[in-house]
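Coordinates in review
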Amino acid sequence: MASTLGAIGWIIGLAFLGIGIGLGNMGSKVAESVGRNPETKNDVIQSVMVVAIVLTVLVILMFAFVFLLLFFNPMLD
C-alpha cells in the first residue's frame, strides 16, 4: 500500500507540475500573439479555451485512474 500511495503522489504531483508549466507557457504565447495581432483575439482565445477544456478532461481522467489505484488495486490481493 505504501508504494501505491507513493506512486499516486508522484502521478498527481507531476501532472499538476506539467499542467502548470504548459498553461503558463501557453498564456504567455497568447498574450504575445494578441499583442502582435489584436484583430485575431477571438480566434486565439477560442483555441486556447479548447485546449484548456481538453486538459481539464484529462486531469479528471487522471483522478479517476488514481481512485482506481486506491480502491481497486489488484496488487494488494
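Quick look at the structure, then. (Residues numbered from 1 in each chain as written. Predicted model: local features only at pLDDT ≥ 70, side-chain atom pairs only at ≥ 80, totals over all residues. Heavy atoms only, no water.)

Each helix and strand in the chain was counted, giving 2 helices and 0 strands. Radius of gyration (C-alpha) of the chain: 18 Å, far over the 11 Å computed for a compact globule of 77 residues. For the C-alpha atoms alone, the extent of the chain along its principal axes is close to 60 × 15 × 10 Å. When the 77 residues of the chain are sorted by exposure, 13% land in the buried category. With an accessible surface of roughly 5,800 Å², the chain has 74% of that area assigned to carbon and sulfur atoms. (Helix = DSSP H or I, 4+ residues; strand = E, 2+ residues; numbered from the N terminus. Rg over C-alpha atoms; globule rule 2.2 N^0.38 Å. Buried < 20%, exposed > 50% of the residue type's maximum accessible area, 1.4 Å probe, protein only. Areas by Shrake-Rupley, 256 points an atom, 1.4 Å probe, with all protein chains shown as cover.)

Moving on, we get to helix 1 (residues 2–36). Taking 1.5 Å of rise per residue, 35 residues should cover 51 Å, and helix 1 covers 51 Å from first to last C-alpha, within 8% of that figure. Considered for burial, the residues of helix 1 that qualify are Thr4, Ile8, Val30 and Val34. Where helix 1 is buried, its residues contact helix 2 (41–71). (Expected span 1.5 Å × (residues − 1). Contact = heavy atoms within 4.5 Å.)

A few words on the pattern of salt bridges. One pass over the structure, following the stated rule, counts 2 salt bridges. One salt bridge connects glutamate 32 with lysine 29, and the closest N-O pair in it is separated by 3.8 Å. Pair noted here: glutamate 32 and lysine 29 are both in helix 1, with a separation of 3 residues, about one helical turn. Here glutamate 32 makes a salt bridge to arginine 36, at a shortest N to O gap of 3.3 Å. Of this pair, glutamate 32 and arginine 36 both sit in helix 1, 4 residues apart, which is roughly one turn of the helix. (Salt bridge = Lys/Arg side-chain N within 4 Å of Asp/Glu carboxyl O.)

Looking now at the side chain of threonine 4. Note that threonine 4 resides in helix 1. The exposure class of threonine 4 is buried, given its relative accessible area of 11%. What threonine 4 contacts, discounting residues up to four positions off in sequence, is Leu69 and Asn73.

Residues Val50, Ile53, Val54, Val57, Leu58 and Leu61 make up a contiguous nonpolar surface patch of about 540 Å² in total accessible area. As for its placement among the helices and strands, leucine 58 is situated in helix 2. The partly exposed category is assigned to leucine 58, whose relative accessible area is 49%. (Patch = residues over 30% accessible without salt bridge, like charges linked within 9 Å, V, L, I, M, F, W, Y side chains within 5 Å.)

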